[in-house]
Amino acid sequence: MQFKMFEYFFDELVFHYPDDKAPVTDTNIPSHLEQMLDILVQEENERESGETGPCMEYLLHHKILETLYTLGKADCPPGMKQQVLVFYTKLLGRIRQPLLPHINVHRPVQKLIRLCGEVLATPTENEEIQFLCIVCAKLKQDPYLVNFFLENKLKSLTSKGATNVISEDILKGEDSLSADTGQSHQPEDLHGATGVEPAESEEEPPHQMDDLSTSLDDLSITSLPEAPVVRPNQDYNLVNSLLNLTRSPDGRIAVKACEGLMLLVSLPEPAAAKCLTESTCLCELLTDRLASLYKALPQSVDPLDIETVEAINWGLDSYSHKEDASAFPGKRALISFLSWFDYCDQLIKEAQKTAAVALAKAVHERFFIGVMEPQLMQTSEMGILTSTALLHRIVRQVTSDVLLQEMVVFILGEQREPETLAEISRHPLRHRLIEHCDHISDEISIMTLRMFEHLLQKPNEHILYNLVLRNLEERNYTEYKPLCPEDKDVVENGLIAGAVDLEEDPLFTDIPPDNILSNQEWLNSSPPATPDHPRNDGKTEVHKIVNSFLCLVPDEAKSSYHVEGTGYDTYLRDAHRQFRDYCAICLRWEWPGSPKALEKCNLEAAFFEGHFLKVLFDRMGRILDQPYDVNLQVTSVLSRLSLFPHPHTHEYLLDPYVNLAPGCRSLFSVIVRVVGDLMVRIQRIQDFTPKLLLVRKRLLGLEPEGPIIDHITLLEGVIVLEEFCKELAAIAFVKYHTSSTP
């Protein structure tokens, strides 16, 4: 009974529909299609799993889907395309048995896909995206099915053991998959997936489902012997149709299309990934849209707005300027750009490995280099500020490891050998950005420093290595003097021969003798790799290091002890949390637990701290003469560097007793010089201590703003210096304590 009804509905559908000029909704076609679908679903429910009933056999044998496709393409009667799309979608979605492997299903599905996205804003857009999404869902369930949707633009003939011959179709440039005739080769056949005609007839027994047992890897072009003819160019119409619909003016349609693309790029099949990136315009569309949205940003966008605009999620890019109380000029354009960048980032993050690499490289070449670099290299201060703010924003936003790697190479280059002063401009963008950390414009300096600070927090080993570690690899900032027999008598305070005695320096007259720790003692005090730590004096030793930083600023220049809650211990909690986070990031980089042995280092090589540290140390040296906000940002970047758990950065930035080679400087030595300058300048300022305390209270909001205080820049610099020394002391303590704890 069911079969007779099914056959009747199909006959009515094909042979007895009314005048083809009447809308399809005025006919019985929609109800007939729905009833046919209900019969198929009911039939499947009544049978054993995997068993094909007579109605389904009829649908496959009589190529009903081919017939419906033809009517849908002609849109005859008017509105038929919409009905066909709905039928295909429901059929694939409601029937549990695998239909796509059958040639009389995947071929018309393939053809119908080509009709989707041809024209934007058509009445069938919603049905088109629903249909494409159900196909994507089926491919996600069974990734090997993607083979049916990798189409060959060219056709070649071959026979076993014979040389490939270029067919007339290739010479004429004809598509071997005709849109309507159905005369293409079988996609599921091995030869069909590689652009080679099958030896057997394409017709199959209509009452059997295709048996697809080979994986897509076996169907890859590269798995065939090398052919002397041009390799066939595959096409991926499913991707092309989704790409077209991402440009839909209907935001819901565009988001659905983006979701479909994300699903496709995540398929694990290598051949699909290769086709996706090489035979479709996916890379070009992603990057071209990124470029056009970037170029659409007004030059007048306030960098602060770029910094503070709310978190962006590509799937929620809906914005109403009228409803936004915090709207600003260019916000719509900014959100659109950041949303699309977020989509590219997430797409690359989800993509199969080879597809991810190809997509990220396209963003690097076509967007970073092609669009962003000229903006970052310009001389206009407003342009530099805006482009740096945008770079900072996307540095913060990127989450894909593959895209992050391309971004890091774009910003810093690939160099890993030690820097020389003569070659610091080898990578022009890196050089320019580091120079901008010491720009005449404080706004540009602060923005660029922020960008580097966030870059240093990214999980990418090359960042710290390129900026700092490559210059510390040989530890040639140290002066190594092996102990001779006549040097065995060690100085009473514990310093090895040749070491600088800090007690002789008037800056350190308030340091107790037992707080002096030599370089050699510091190196020896490093905890062993094993949990068993027989020494019990670790805390005493680190106490000496901590005191070295805490005693750097003389008492007459300190003001924190006058204000409650501003002691050294306030930094310990933050330092512990931040160091734990950095350790988690750096764990997979397999850094050494102790510094490279001096005997194995090339100490004769000229030491250069590198362009990045040079600029940071130069700015640190001017802390008493720079604006408060600049000082905060410089010290923030230096504290980030100090947190890294690499023994060389720890020694160079946090060891006050490192025996520096002639002409070399460390972070501690730079601060010592600043303090020396400060002690001289203090003598020239009347009522220095009361003024310093007043400035501190104003900065903390404990005192209202009042008359301008003389030497305000210096006073603010002294406060930042004191706080920075406390922060370094806390970092040193936490790092030693954490590494000493099993």
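These notes cover the structure that comes with them. From a predicted model like this one, the values you see are computed outputs, not experimental measurements.

## Quick notes on the environment of Val 395
- With respect to the helices, strands and loops of the structure, Val 395 is situated in helix α16 (residues 381-397).
- The class of Val 395 is buried, set by a relative accessible area of 0%.
- With sequence-adjacent residues up to four places away left out, Val 395 is seen in contact with Met 407, Ile 411, Met 451, His 454, Leu 455 and Lys 458.

## Quick word on the nonpolar core
- Phe 131 and Tyr 236 are the most contacted members of the largest nonpolar core, which has 203 residues in total.
- When residues of this core are assigned to their parent elements, the largest contribution, 14 residues, is made by helix α29 (residues 712-740).
- When near neighbours in sequence (up to four residues on either side) are disregarded, Phe 131 contacts Leu 85, Tyr 88, Thr 89, Leu 92, Val 109, Leu 112, Ile 113 and Cys 116.

## Here we look at the pattern of salt bridges
- Applying the stated rule across the entire model yields 32 salt bridges.
- With its nearest N and O atoms 3.5 Å apart, the salt bridge here joins Lys 331 to Glu 310. Pair noted here: Lys 331 is in helix α14 (residues 331-350) and Glu 310 is in the loop between α13 (303-308) and α14, with a separation of 21 residues, a long-range link.
- In this structure, the salt-bridge partner of Asp 438 is Arg 622, at a minimum N-O distance of 2.6 Å. Taken together, the residues span a long stretch of sequence, with Asp 438 in the loop between α18 (428-436) and α19 (442-455) and Arg 622 in the loop between α24 (611-621) and α25 (628-643) at a distance of 184 residues.
- A relative accessible area of 32% means that Arg 622 is categorised as partly exposed.
- One network of salt bridges, in which partners are shared, links Glu 34, Asp 38, Lys 90 and Arg 94.

## Remarks on the packing of aromatic side chains
- Under the counting rule described, the total for this entry stands at 19 aromatic pairs.
- Centroid distance Phe 549 to Phe 668: 5.5 Å. Interplanar angle 85 degrees. Geometry classified as edge-to-face. Linking Phe 549 in helix α22 (residues 538-550) with Phe 668 in helix α27 (residues 667-682), this pair joins segments that are 119 residues apart in sequence.
- We classify Phe 549 as buried; its relative accessible area is 0%.
- Residues Phe 607 and Tyr 652 carry aromatic rings whose centres are separated by 5.7 Å and whose planes lie at 70 degrees to one another, so their mutual orientation is edge-to-face. Taken together, the residues span a long stretch of sequence, with Phe 607 in the loop between α23 (572-586) and α24 and Tyr 652 in helix α26 (residues 647-654) at a distance of 45 residues.

The rules behind the values
- Residues numbered from 1 in each chain as written.
- Predicted model: local features only at pLDDT ≥ 70, side-chain atom pairs only at ≥ 80, totals over all residues.
- Heavy atoms only, no water.
- Helix = DSSP H or I, 4+ residues; strand = E, 2+ residues; numbered from the N terminus.
- Buried < 20%, exposed > 50% of the residue type's maximum accessible area, 1.4 Å probe, protein only.
- Contact = heavy atoms within 4.5 Å.
- Core = buried A, V, L, I, M, F, W, Y, C linked by side-chain atoms within 4.5 Å.
- Salt bridge = Lys/Arg side-chain N within 4 Å of Asp/Glu carboxyl O.
- Phe/Tyr/Trp six-rings, centres within 6.5 Å; stacked < 30°, edge-to-face > 60°.

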